Amino acid sequence: MGLAAVLARALGRPPGAAALADIRRGAFTARAALLYGAFRFEESGTIEETIDRAAGRYEVRITGRGSEMSTEIESSGILRDGRWAPLRFTDRFVVYGRESRLDIGYDHDRRLVQYRGRSETFLLRRIRVTDDTVPIPAGVHVDDVVSATLNYSEGRWPPEADGTLVTRVVRRQRSRGESPDDAQPRYRAELVPFVLRVGTDTSGRATAALDLTRFSSWAREDEPARIVFGPGRRPETISATLILGTSLTIRIEPTPASAS
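Anyway, here's the lowdown on the structure attached to this text. Values in this document were obtained by computation on a predicted structure and should not be read as measured data. (Residues numbered from 1 in each chain as written. Predicted model: local features only at pLDDT ≥ 70, side-chain atom pairs only at ≥ 80, totals over all residues. Heavy atoms only, no water.)

1. Focus: the overall build of the protein chain
Helix and strand counts for the protein chain stand at 2 helices and 15 strands. A globule of 260 residues ought to have a C-alpha radius of gyration of about 18 Å, and the protein chain, at 19 Å, matches this closely. The principal-axis extent of the C-alpha atoms belonging to the protein chain is close to 60 × 40 × 35 Å. Residues counted as buried form 40% of the 260 residues belonging to the protein chain. Within the protein chain, contacts between residues separated by at least 24 positions form 47% of all contacts whose residues are at least 6 apart in sequence. Of the accessible surface of the protein chain, which amounts to about 13,900 Å², a share of 51% is contributed by carbon and sulfur atoms. A distance of 1 Å separates the average location of the 39 positive side-chain charges in the protein chain from that of its 35 negative side-chain charges. (Helix = DSSP H or I, 4+ residues; strand = E, 2+ residues; numbered from the N terminus. Rg over C-alpha atoms; globule rule 2.2 N^0.38 Å. Buried < 20%, exposed > 50% of the residue type's maximum accessible area, 1.4 Å probe, protein only. Contact = heavy atoms within 4.5 Å. Areas by Shrake-Rupley, 256 points an atom, 1.4 Å probe, with all protein chains shown as cover. Lys, Arg positive; Asp, Glu negative; His and termini not counted. Charge placed at Lys NZ, Arg CZ, Asp CG, Glu CD.)

Here it is as structure tokens:
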């Protein structure tokens, strides 16, 4: 059986049929409570995902709006060495007038990541700016949150010997013990491990624990975020308990993929 026939059968199409892109549209809600409930935010939005496996490309757009809270995320990438790899990731978050922007470009041929970010701390509204280029070491795979999700869902993320899932992501460099309002005039970027510890809950659904201390100064070392996966190993619920009486819950309601 030829490669085209194998791919066609894997995607549910007869050999020789025209290549189609899989399109998914879903909805999400996000609720956050900051500073022991003094501030409460909620938003709802949509997730639009297009995967063209024949061309080896994906595009994902996430948009949410709510009371004092908004989200815009776009990610695009390619299939490279059997795994999804990001090409461009942008996001914009606004919470109670505090804005955070991020623009990351991935050059896999030159093995470089261009990272540009600007954010505002919540309490004192201090500005953090990052503009840096990070090399990708040989043999290292780099993800963003979208490509990591796709790789896990499709079984393209091989586990380590102890069963954990480890990849690398780029972030703003953080000092140990950084508080939510610490700020410097300029920051560097760096590659850090992104680790999922996967298990199952009492109902048999897949779950994962994610240490957020590498990515947020609001995170607690003793309280990793919890991810519950639904059908197709897609995230269904993401919840986190943070410092200063802060919590976050995201619920995702996916729709089945359709071809176009």
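Still more to cover.
2. Side note on the side chain of S119
Looking at the element boundaries, S119 is found in strand β7 (residues 112-120). Residue classification places S119 among the buried residues on the basis of a relative accessible area of 18%. Excluding anything up to four places from it in sequence, S119 contacts E99, S100, R126, I127 and R128.

3. Points about the pattern of salt bridges
Overall, the coordinates contain 24 salt bridges when judged by the stated rule. One salt bridge in this structure joins R110 and D107, with 3.8 Å as the shortest N-O distance. For D107, a relative accessible area of 27% gives the class partly exposed. Here E236 and R205 are joined by a salt bridge, their closest N and O atoms 3.0 Å apart. Pair noted here: E236 is in strand β13 (residues 235-242) and R205 is in the loop between β10 (189-200) and β11 (206-210), with a separation of 31 residues, a long-range link. One continuous salt-bridge network, built from bridges that share partners, spans R65, E72, R92, E99 and R101. (Salt bridge = Lys/Arg side-chain N within 4 Å of Asp/Glu carboxyl O.)

4. Examining the pairing of strand β9 (residues 165-172)
Looking along a regular strand, one sees side chains alternate from face to face of the sheet. The buried count for β9 comes to 6 of 8 residues, which makes it a mostly enclosed element. By the bridge criterion, 8 bridges tie β9 to β10 in an arrangement that is antiparallel. Considered in β10, the bridge of V166 is made with V195. (Pairing = 2+ DSSP bridges.)

5. Quick word on unusual backbone geometry
Within the chain, Y36 stands out as a residue other than glycine whose phi angle is a positive 60°. With respect to the helices and strands, the residue Y36 is situated in the loop between β1 (22-34) and β2 (39-52). Located in the positive-phi region is R233, a residue other than glycine, with phi close to 55°. Looking at the element boundaries, R233 is found in the loop between β12 (225-229) and β13. By relative accessible area, which is 35% here, R233 ends up partly exposed.

6. Topic: the environment of T63
Relative to the helices and strands, T63 is located in strand β3 (residues 57-67). Judged by relative accessible area, T63 falls into the partly exposed class, the value being 21%. In the structure, T63 is positioned 35 residues away from F28 in sequence and 9.3 Å away in space, judged by C-alpha atoms.

7. Some remarks on the side chain of D201
By the element assignment, D201 lies in the loop between β10 and β11. The buried category is assigned to D201, whose relative accessible area is 17%. Of note is the side chain of D201, whose polar atom sits 2.8 Å from the side chain of S203. Apart from residues lying up to four places away in sequence, D201 is in contact with T207, R226 and V228. (Polar contact = N/O pair within 3.5 Å; in protein donor to acceptor, adjacent residues only side chain to side chain.)

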